[in-house]
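So you can see what is in the structure, the chains are spelled out below.
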Amino acid sequence: MPMKVGIVGLPNAGKSSLFTALTHVAAEAANYPFTTIEPNVAIVPVPDPRLELVAECVGASNVVHDTLEVHDIAGLVEGAHKGEGLGNRFLANIRETDAIIHVVRAHDDPGVVHPVGDVDPIADLTTIETELLLADLEQAERRLDRVARQAKSGDAEAVADQAWLEKIVEALSDGRPASSVPPSKDAPNAIRDLSPLTAKPVLIVVNIGEGEEGVPADVAAHAAEQGAVAIAVCIRLEAELGALDEQEAAEMREELEAGESGLGRVLRGAFDLLDLLAFFTAGEDKPAQSWHLPRGRSAWEAAGQIHSDIQDGFVRAEVIGCDQLLASGGYAGARDKGQLRIEGRDYVMQDGDVISIRFTP
Ligand SMILES: Nc1nc2c(ncn2[C@@H]2O[C@H](COP(=O)(O)OP(=O)(O)OP(=O)(O)O)[C@@H](O)[C@H]2O)c(=O)[nH]1
Ligand SMILES: [Mg+2]
């Protein structure tokens, strides 16, 4: 299952332009079978240069980068949590995602209509943040109602859920995000069932005009306050460059002194938010593949990323850090040096591990 991110923002902020530009990247990425599940869902590869090196070192047949699923939703407006502009349906779409990209307009092109008035990134960010907060509050209150009824009959899980939900409702009512309430040990499923929007990590993409540079200071300060990361991208330029072929785009980029691809920064930024580690599987004449896991997970959980059959039949794993594998020139050299370790199911995966799992089918 790829990790998912959802793009939010006011109407006309530049969400669909960003989405389209990202899908161009996906379509052009070498050997990647580009897929569009639905018109507004794209699967884009997250390239890891280490994987290319590992593939070459072990003589793999091809390279398959792990992917990120990006959801574009229609613009949210004030009142979205109450269903304004189909808001609730859009919000439900992003409840399933692992992280949020929040696009905010900072360019002042008079040709693009602003939905509520003047170009004001802080006001716009706040409008959307408030909608997410109110949407969470409404969900949490509804759930609390239900759980409180079950708790009356003495159901221990419901009692624990109720206690946690009460804290969530209190925080949200005060304007604090769900992320400010620590998850409860006694109510492990409550957070998953609620999947609050305001507990998801946020990447703010500031849509700047051509020739502008950097995140405006007030937006940077606002992002820091919210615990979000902000980057500046001229989305229209990226969308135009994305439609060109790679060489043309590189020439244009140089001519315009546009610097590194803003889309690369968006993808990497979104991915960094998820705080995952990468691990690899690779063998001679087999595909070399990258996978991702939250930090601290076991070899058994890594197996589950690859295939549930491999997880079910897990026997042991052979593991080596990719740096060691590369330095030894491949598996044979690493084995000679005793660097290929045998690990059990509880082994804690490290970033850059190359793993092969023995399993009974
Ligand atoms: N000048 C300028 N215009 C832009 C930029 N990014 C997007 N636009 C324009 O703004 C308009 C709206 O962009 P979209 O990407 O459709 O906006 P959206 O956020 O998806 O809007 P909704 O789907 O209506 O919520 C389009 O006409 C874009 O061409 C930019 O960086 N600079
Ligand atoms: Mg759109």
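Colleague: I would appreciate a short explanation of the packing of helix 4 (residues 121–152) against helix 5 (residues 156–173) in the present structure.
Modeller: Any two packed helices are characterised by how steeply their axes cross, that is the angle between the axes, and by the distance between the axes. Contact geometry of helix 4 with helix 5 gives a least axis separation of 9 Å together with a crossing angle of 150°. On the basis of their axis angle, the class for helix 4 and helix 5 is roughly antiparallel. Two packed elements cross with a definite hand, and for helix 4 against helix 5 that hand is left-handed. Contact residues: Leu133, Asp136, Leu137, Ala140, Glu141, Arg143, Leu144, Val147, Ala148, Gln150 and Ala151 in helix 4; Ala158, Val159, Asp161, Gln162, Leu165, Glu166, Ile168, Val169, Leu172 and Ser173 in helix 5. Per-class residue counts for the contact of helix 4 with helix 5 are 13 nonpolar, three polar and five charged.

Colleague: Sorry, what's going on with the site of ligand 1 here?
Modeller: In the vicinity of ligand 1 lie 18 residues, with Ser16, Ser17, Gly75, Asp109 and Arg236 positioned nearest. Counting only elements with at least two residues in the shell around ligand 1, the list comes to helix 1 (15–28) and helix 8 (235–243). Residues that form the shell around ligand 1 fall into these classes: six nonpolar, nine polar and three charged.

Colleague: Sorry if this is basic, but what is going on with the sheet that holds strand 12 (residues 341–343) here?
Modeller: Backbone-to-backbone hydrogen bonds join strands into a sheet, with any given pair of strands oriented parallel or antiparallel. As summarised here, the arrangement of the six strands in space is 4-10-9-13-11-12, forming an open sheet in which the pairing is mixed. Edge strands, defined here as strands with exactly one partner in the open sheet, are strand 4 (62–64) and strand 12. Averaged over all pairs of adjacent strands, the angle between strand axes in this sheet comes to 35°, irrespective of strand direction. Sheet analysis places strand 9 (residues 276–281) next to strand 13 (residues 353–359), joined by two bridges and oriented parallel.

Colleague: Teacher, can you tell me more about the environment of Ile7 here?
Modeller: Residue placement: Ile7 occurs in strand 1 (residues 3–8). The sequence separation of Ile7 and Ile204 amounts to 197 residues, and the corresponding C-alpha distance is 9.7 Å. Not counting the four nearest positions on each side in its chain, Ile7 is found in contact with Lys15, Leu18, Phe19, Val70, His71, Asp72, Ile73, Ile101 and Val103.

Colleague: So what exactly am I meant to see when it comes to the pairing of strand 8 (residues 229–233) here?
Modeller: The side chains of a regular strand alternate between the sheet's two faces. Taken together, the five bridges between strand 7 (residues 202–207) and strand 8 define a ladder with parallel strand orientation. Pairing of Leu203 across the sheet is with Val229, part of strand 8. For the crossover from strand 7 across helix 7 (residues 217–226) to strand 8, the handedness is right-handed.

Colleague: Teacher, can you tell me more about helix 11 (residues 299–306) here?
Modeller: Along an α-helix, residues three or four apart share an orientation, since each turn contains 3.6 residues. Turning to helix 11, its buried residues number three or more, namely Ala299, Ala302 and Ala303. All buried residues of helix 11 fall inside an arc of 105° around its axis, so they share one side. Tucked inside the fold, the buried residues of helix 11 contact strand 9, strand 10 (287–294), helix 12 (308–312), strand 11 (314–321), strand 12 and strand 13.

Colleague: So what exactly am I meant to see when it comes to the packing of helix 4 against helix 7 here?
Modeller: With their axes 9 Å apart at the nearest point, helix 4 and helix 7 run at an angle of 25° to one another. By the angle class used here, helix 4 and helix 7 are roughly parallel. Regarding helix 4 and helix 7, the two cross each other, and that crossing is right-handed. Residues Pro121, Ile122, Leu125 and Glu129 of helix 4 form the contact with helix 7, whose participating residues are Asp218, Val219, His222 and Gln226. Counted by class, the contact of helix 4 with helix 7 contains four nonpolar, two polar and two charged residues.

Colleague: Sorry if this is basic, but what is going on with the pairing of strand 1 here?
Modeller: Relative to strand 5 (residues 67–72), strand 1 is paired through five bridges, and the arrangement is parallel. Considered in strand 5, the bridge of Met3 is made with Leu68. Sheet analysis places strand 1 next to strand 6 (residues 99–105), joined by four bridges and oriented parallel. By the bridge assignment, Gly6 is partnered in strand 6 with Ile100.

Criteria and cut-off values
Residues numbered from 1 in each chain as written. Chains lettered and ligands numbered in written order. Predicted model: local features only at pLDDT ≥ 70, side-chain atom pairs only at ≥ 80, totals over all residues. Axes fitted to C-alpha atoms, helices over the stretch in contact; angles between N-to-C directions. Helix = DSSP H or I, 4+ residues; strand = E, 2+ residues; numbered from the N terminus. Parallel < 35°, antiparallel > 145°, perpendicular 65-115°, else oblique. Left-handed = near helix turned anticlockwise from the far one by under 90°. Contact = placed C-beta atoms within 7 Å. Nonpolar A, V, L, I, M, F, W, Y, C, P; charged D, E, K, R; others polar. Near = placed C-beta within 6 Å. Pairing = 2+ DSSP bridges. Right-handed = clockwise from strand over helix to strand, strands pointing away. Buried ≥ 20, exposed ≤ 12 C-beta atoms within 10 Å, placed from the backbone. Arc of directions from axis to C-beta.

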